Amino acid sequence: MPEPAARTSGNGNGTPRIGVYVCHCGTNIASTIDVAAAQRAAESLPGVVLSREYKYMCSDPGQEMIKDDIRDHGLERVVVASCSPCLHEETFRTAIADGGINPYFFQMVNIREHDSWVHKDMAAATAKANDLIRAAVRRVRFHQPLEARRVPIDPKVLVLGGGIAGIHAALTLANAGKQVYLVEREPSIGGHMAMFDKTFPTLDCAACILTPKMTQVRNHPNITIWTMSDVVEVDGFVGNYKVKVKHRPRYILEEACVGCLECIDACVFRRGKTPDEFNLGLSKRKPIYIPFPQAVPQVVLIDPDTCIEFRTGKCKKTCIEVCADRNAIDFTQTETFDEVEVGSIVVATGFKAFDAGRLPQYGYGRYDGVYTALEVERLVNASGPTEGKIVLRDGREPERIGIIHCIGSRDKNTNVYCSRVCCMYSLKLAHLLQEKTNAEIYEFYIDMRTAGKGFEEFMLRVKSEGVHMIRGKVSDVYPEAGGTGRVVLQAEDSLAGMVRKIPVDMVVLATGLEPQPDAEDVRRIFNITCAGGGFFMERHPKLAPVSTFTDGVFLAGACQAPKDIPDTVAQAGAAAAEALALIDHGYIELEPNTAYVVAEECSGCKTCLGLCPFSAITRVDGKAQINPVLCKGCGTCVAACPSGAIKQNLFEDEEIYEEIMGVLAHV
Amino acid sequence: MSETHDAGQQVDGFEPRIVAFFCNWCTYLAADLAGTSRMKYAPNARVIRVMCSGRVDPQFVMEALAQGADGVLIGGCHPGDCHYQSGNYKALRRYHLLRRMLTDLGVEEKRIRLEWISAAEADKLRDVMNEMVAEIRALGPAHLEVPDESFEELEEVTV
Amino acid sequence: MSGYDYYPGCSLKGTGKPYEESLLAVFESLGVALDELDDWNCCGATAYMAVDEMQAVALASRNLALAEKSGRDLVAPCNACWLVLNKTLGRLEGDVDLRDAICAAMAATCTTLNGEGRRPLTLEGSVAVRHPLDVLVNDIGLETIEEKVVSPLEGLRVAPYYGCQIVRPLAPFDDQHDPQTMDRLLAAAGCEVAADYPFKTRCCGASQMMTMPDVGIDLVSLLIEDAIARDIDVIAVACPLCQFNLEGYQGKVAKRIGKEAKLPILYFTQLLGLALGIEPKRLGIQRSFVPVAPVLERRAAHA
């Protein structure tokens, strides 16, 4: 067995002993790149003492092979040419650390995602692989022994959004003993689910299954609920976030209000005049109100835009009289702020229903009988504006109802994607409406997407109840001639091969799901991305659906993509689990790619000081100094330093120059 | 413009050599996504990973040209989306200045390109790659490579 | 205002003659100059664009080149002409190569006659092509028009029918789904505008009336039947092909819908002309297939 050669410092003097491994990745790489040729080409590169090819480098035997070679051949640097470093850089760093050398004496070459998977010509792909391997071999000679930075994880968690996703995540975390801040911008938690009547496919009453969870949240010692609140600023990094939360005034002292609601009855307004937000404007509320009876917290709030006391200062304030010694009403309340420290964040901000007014051809807002699905949920609901009776705006009961699918979905004029839940909720509404009215119901669909557990059976049941299914997208909704008050739905029935014109009393538009209108602003606060339709982007659509590219920030629910309640709850549990994994591990290791100043070379010009977005650079004794805890490793100061005095671990100038020379070397 | 450059002639069978500096959080991931989506594009570019487009020193671009690159592509996050807040703005400033300087030196504008490509924009990455290769193929070789001997002379003077 | 150039298009010199007659009479009455473009050629209409886009653009471009010289806007009353010319402007915008190619073609083949002899045409793509509805309501203004109305058409229930080509795919001067320019103009003329007519932007069938008559009759029957059911006296149109399709086949429509169909289809300029006190003969009213007089008498009875 050959003696391992003496360790070198890797500064370019002496030649560290380099091992190169070229992976087949089954046929993923090998079908487009001549792996054997790449392995041979690597053999003759300066510093390379051995070069191997192997079927699956990331496998256990693959990693063992590296460790053995380190021991048996005295390897001091390792280069693996395989997939993206995002997948296996960690794997190989850990392997070589096990093998006895510093984990940062490693360089990975991406010849799969960036080469074999995107090119067709074998000669070109192999030449590219050779160039990239050569670059890595040249670079790795200059790698320094580094240590990962360990950062502790604060066990507290912030959950943004109090819908079913946020509620479930919060409960899971709280039950695991963690302190949770649940921030919700509406006056009550519950989200959209609180507005539904029954949920598909079981026809469970939404309130019946949601309110117990809401109560659990309220009573849980580990959960702090902040309603009427927004996150305005997030600083820091994984494990160490500082979050600033703004609380908008209710004008009610939460601790004092017992939710008796007598102030609402006592209000000088005898009737509600303002469109009720929870009932989507189908009923009116007073200036003092509670969003819905089971609100959590069970606390009223005052709307300063419509309350007479705010507008004129001269109200009798009967509300205060009736509140008596509880004294819960406080007109002087102002906006307040809280700053909390948390280690991880779950973003569960939900969705916004598509605005049907954007498609005037369906008559929403123009003809009285046209409603959105969410409005119909409120009509059907026993605690809704009509106490569960199906009564149109003009007082009539509908005899014929048309439900139009895909409003704002599967439509290149608005949203190309399918909103996933509308087929099921349309069937559900058909069932509920028929139960309540005995009306003839027509469902106009493009496809019936009933892919979940029990969903197909649900559709068959609704079909058997006599709901007419017409496969054709309605093109037009127009008023019937003769002043009947009905509207005609015109659609091509593609199964019957004819155009249908069906007059109905009521139209239900199955509006799709969109991201919240302020998603772009919210994502900037958390440093995450929006993609595909404006929803928050997950780290990987298959293997990492609840994490983001910002460590410590997780996603749950419809804010990530349209989905129904079962999937939302599953995802919320997953997000909580990933946060728990982080917390219970106790620390996270950060890449040691910080910048540092070589003081002798610093001229004190101060160019770098203003460049750092994290304020990591200060001036001490006339020289720049970088705080390695604050430094995130972007390298901007490194590129800007006129003297070249600032350097970056893992991304030294020499290392990059070696890569440049490596990829361009003539062979 | 072609009368000012010998490099303008179309050389038969010329394949441009392009060096690409991609930021780790956006463009590098977009390239990964293009791979997992099995998109296909021209094989002329060689990617060098940096943490942020703000790390790209104009000297890297010069070095690449001096080493024989026919074009340089810098890929970063969209303005407002930089993982490190503002690194991409610095990259943009340097890029404008660098381009002006290179144009004064007779290097065609289209040889250096800065693109904002987010992690979801694999299709943009493919299109930029193909476009850039076609444009530089039409421009011809850059002929900016400094022969090794000149580097040695330089070393003797500076070291 | 300095007036406008006027591009009649082939139809307004043929079956669409009443449109031209009434348009010119109305503009004269309002004191706005409308001067026919010298040596204009056919725009190619929808047919040519569907056959060969490049050649169609070249054909239409010649008119744009001719119109550029005066610096005035070009009024194109026929919806199809209006759309073709505007689409052509869109194609030319920003496409220097296309413009150069068309200029080269024009230089090689066609020129313009003027007193001094032939001179080659240039093309910038700078002229604005406007529809008379747009000009009347947005340039001349409803106030000015209302002042000049001497004989408001009170009691006449009119459905404004825009057809599709002035709202799809381009809708630069009005709303795509619920345009209002004609509605407002007819209201200024004193008509009772049928705001509940739901088919104001539905297709009339266009050339399909000739190539696939079943389809054409089906589409037109929908428009006519609904108008009859809503007690509409007249359908006002803005396009010669719409006019022809809606008026010319009412016998077949009657068979199709099983009801009598004798619904006058008039150009909005004819209605406006009547309100401005211009004699019916100058407006081409006598050219209608469907007798208009009984309807006007009904209106007179209401007044």
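Residues numbered from 1 in each chain as written. Chains lettered and ligands numbered in written order. Predicted model: local features only at pLDDT ≥ 70, side-chain atom pairs only at ≥ 80, totals over all residues. Heavy atoms only, no water.

**As for the overall build of chain B**
At step 1: In terms of regular secondary structure, chain B is built from five helices and four strands.
At step 2: In chain B, the succession of α and β elements from N to C terminus is β-α-β-α-β-α-β-α-α.
At step 3: If you take every contact in chain B between residues at least 6 apart in sequence, the share linking residues at least 24 apart comes to 82%.
At step 4: Summed over its atoms, the accessible surface of chain B is roughly 7200 Å², and 52% of this surface lies on carbon and sulfur atoms. (Helix = DSSP H or I, 4+ residues; strand = E, 2+ residues; numbered from the N terminus. Contact = heavy atoms within 4.5 Å. Areas by Shrake-Rupley, 256 points an atom, 1.4 Å probe, with all protein chains shown as cover.)

**Structural notes on the interface of chain A and chain B**
At step 1: The interface of chain A with chain B comprises 49 residues on the first partner and 51 residues on the second.
At step 2: Across the chain A to chain B interface the summed buried area is about 4300 Å²; carbon plus sulfur atoms make up 60%.
At step 3: In this assembly, chain A and chain B are joined by five salt bridges.
At step 4: Taken together, the connections running from chain A to chain B amount to 21 residue pairs in polar contact (both at pLDDT 80 or more).
At step 5: Elements with a contribution of two residues or more to the side of chain A that touches chain B: helix 3 (85-98), helix 4 (112-116), helix 5 (122-140), helix 14 (519-526), helix 16 (636-640) and helix 17 (653-664) of chain A.
At step 6: The greatest single-element share of the side of chain A that touches chain B, amounting to eight residues, is contributed by helix 17 of chain A.
At step 7: Looking at the side of chain A that touches chain B residue by residue, the classes come out as 25 nonpolar, 13 polar and 11 charged. (Buried area = accessible area lost by both parts, 1.4 Å probe. Salt bridge = Lys/Arg side-chain N within 4 Å of Asp/Glu carboxyl O. Polar contact = N/O pair within 3.5 Å; in protein donor to acceptor, adjacent residues only side chain to side chain. Nonpolar A, V, L, I, M, F, W, Y, C, P; charged D, E, K, R; others polar.)

**A closer look at the side chain of Arg94 of chain B**
At step 1: Looking at the secondary structure, you find Arg94 of chain B in helix 3 (residues 87-104).
At step 2: Despite being buried, Arg94 of chain B has no salt bridge partner; Asp57 of chain B is the closest side chain of opposite charge, sitting 6.6 Å away.
At step 3: Those residues within four positions of Arg94 of chain B in sequence are excluded, and the remaining contacts are Thr636, Ala639 and Ala640 of chain A together with Gly54, Val56 and Pro58 of chain B. (Buried < 20%, exposed > 50% of the residue type's maximum accessible area, 1.4 Å probe, protein only. Lys, Arg positive; Asp, Glu negative; His and termini not counted.)

**Quick notes on the pattern of salt bridges**
Residue and element names in this part refer to chain A.
At step 1: If you walk through the whole model with that rule in mind, you get 75 salt bridges over all chains.
At step 2: In this structure, the salt-bridge partner of Asp69 is Arg52, at a minimum N-O distance of 2.7 Å. Within this pair, whereas Asp69 is found in helix 2 (residues 60-73), its partner Arg52 is found in strand 2 (residues 48-54), the two being separated by 17 residues in sequence.
At step 3: Asp69 sits in the buried class, given a relative accessible area of 4%.

**A few points about the interface of chain C and chain A**
At step 1: At the junction of the two partners, chain C supplies 11 residues and chain A supplies 11 residues.
At step 2: Around 790 Å² of area is buried between chain C and chain A when both sides are counted, 51% of it from carbon and sulfur atoms.
At step 3: Taken as a group, His177, Arg202 and Arg230 of chain C account for 48% of the area that chain C buries against chain A, more than any other trio of residues on that side.
At step 4: Counting across the chain C and chain A interface gives one salt bridge.
At step 5: With a closest N to O distance of 2.7 Å, Asp476 of chain A and Arg202 of chain C form a salt bridge.
At step 6: The interface formed by chain C and chain A includes three residue pairs in polar contact (both at pLDDT 80 or more).
At step 7: Class assignment of the residues belonging to the side of chain C that touches chain A gives a composition of five nonpolar, one polar and five charged.

**Topic: the sheet that holds strand 27 (residues 506-511) of chain A**
In any sheet, the strands associate via hydrogen bonds between backbone groups, in a parallel or an antiparallel arrangement.
Residue and element names in this part refer to chain A.
At step 1: Pairing is parallel across the open sheet formed by five strands, whose spatial order is 20-27-21-22-23. Single-partner strands in this sheet number two, and they are strand 20 (370-372) and strand 23 (468-471). Geometrically, the sheet is characterised by an average inter-axis angle of 20° between neighbouring strands, direction not taken into account.
At step 2: Sitting on the sheet, helix 11 (residues 373-380) is in contact with strand 20 and strand 27, with an inclination near 90° to strand 20.
At step 3: Those strands touched by helix 12 (residues 422-437) are strand 21 (400-407), strand 22 (440-445), strand 23 and strand 27, and its axis lies near 155° from that of strand 27. (Pairing = 2+ DSSP bridges. Axes fitted to C-alpha atoms, helices over the stretch in contact; angles between N-to-C directions.)

**Concerning the packing of aromatic side chains**
At step 1: Counting across every chain of the model gives 18 aromatic pairs over all chains.
At step 2: Seen in terms of ring centroids, Trp25 of chain B and Tyr84 of chain B are 6.5 Å apart; in terms of plane orientation they differ by 70°. Their pairing is edge-to-face. Taken together, the residues span a long stretch of sequence, with Trp25 of chain B in the loop between strand 1 (18-23) and helix 1 (27-36) and Tyr84 of chain B in the loop between strand 3 (71-76) and helix 3 at a distance of 59 residues. Pair check on accessibility: Trp25 of chain B and Tyr84 of chain B agree, each one buried.
At step 3: Ring geometry for Tyr7 of chain C against Trp40 of chain C: centres 5.4 Å apart, planes inclined by 70°, an arrangement best described as edge-to-face. With Tyr7 of chain C in the loop between strand 1 (4-6) and helix 1 (9-12) and Trp40 of chain C in the loop between strand 2 (34-36) and helix 3 (45-51), this residue pair connects regions lying 33 residues apart in the sequence. (Phe/Tyr/Trp six-rings, centres within 6.5 Å; stacked < 30°, edge-to-face > 60°.)

**Overview of the state of the cysteines**
At step 1: According to the stated counting rule, one finds one disulfide over all chains in the structure shown.
At step 2: Paired by a disulfide, Cys26 of chain B and Cys77 of chain B hold their sulfur atoms 2.4 Å apart. Between Cys26 of chain B and Cys77 of chain B, the S-S dihedral sits near 105°, and the bridge is therefore right-handed. Here Cys26 of chain B, found in the loop between strand 1 and helix 1, pairs with Cys77 of chain B, found in the loop between strand 3 and helix 3; they are 51 residues apart in sequence, far enough to count as distant.
At step 3: Residue Cys77 of chain B is classed as buried on the basis of its relative accessible area of 4%.
At step 4: For the unlinked cysteine Cys23 of chain A, the closest cysteine sulfur is that of Cys25 of chain A, found at 5.3 Å.
At step 5: Cys608 of chain A takes part in no disulfide bond, and the closest cysteine sulfur, belonging to Cys605 of chain A, lies 6.3 Å away. (Disulfide = S-S within 2.5 Å.)

**Some words on the environment of Thr334 of chain A**
At step 1: Structurally, Thr334 of chain A is set in the loop between helix 10 (318-323) and strand 17 (336-342).
At step 2: On the accessibility criterion, Thr334 of chain A (53% relative accessible area) is exposed.

**Some points on the nonpolar core**
At step 1: Membership of the largest hydrophobic core comes to 106 residues, with the highest contact counts inside it found for Phe27, Leu136, Tyr197 and Ile235 of chain C.
At step 2: Sorting elements by how many residues they give to this core places helix 5 (residues 79-92) of chain C first, with eight residues.
At step 3: Structurally, this core is a two-domain feature, drawing no fewer than three residues from each of domain 1 (4-130) and domain 2 (140-302) of chain C.
At step 4: In this view, Leu136 of chain C contacts Val26, Phe27, Leu30, Gly141, Leu142, Ile145, Leu185, Phe268 and Leu272 of chain C; residues no more than four positions away in its chain are not counted.
At step 5: Formed by 68 residues, the second largest nonpolar core is a distinct cluster that contains Leu182, Ala194, Val217 and Val346 of chain A. (Core = buried A, V, L, I, M, F, W, Y, C linked by side-chain atoms within 4.5 Å. Domains from an automatic or database assignment.)

**Structural notes on the domain arrangement of chain A**
At step 1: The domain architecture assigned to chain A consists of domain 1 (18-148), domain 2 (157-248 + 337-350 + 518-587), domain 3 (251-333), domain 4 (353-514) and domain 5 (594-648).
At step 2: Summarising the inter-unit geometry, the C-alpha centres of domain 1 of chain A and domain 5 of chain A are found 33 Å apart.

**Let's talk about the arrangement of the chains**
At step 1: Summarising the chain contacts, two pairs of chains touch, and the pair with the most contacts is chains A and B.
At step 2: A minimum C-alpha distance of 18 Å separates chain B and chain C, which share no contact.

**Side note on the packing of helix 11 of chain A against helix 12 of chain A**
Residue and element names in this part refer to chain A.
At step 1: It is the contact of helix 11 with helix 12, at a shortest axis distance of 11 Å, that shows an interaxial angle of 35°. As for how helix 11 packs across helix 12, the hand of that crossing is left-handed. Every residue of helix 12 that contacts helix 11 at Ala373, Val376, Glu377 and Val380 is listed here: Tyr425, Lys428, Leu429, Leu432, Leu433 and Lys436. (Left-handed = near helix turned anticlockwise from the far one by under 90°.)

**Some words on the confidence of the model for chain A**
At step 1: Scored by pLDDT, chain A comes out at a mean of 94, with 98% of its residues at no less than 70.
At step 2: Note on residues 1-12 of chain A: pLDDT under 50 across the span, and 27 contacts to partners over four residues away in sequence or across chains. (pLDDT = per-residue confidence, 0-100.)

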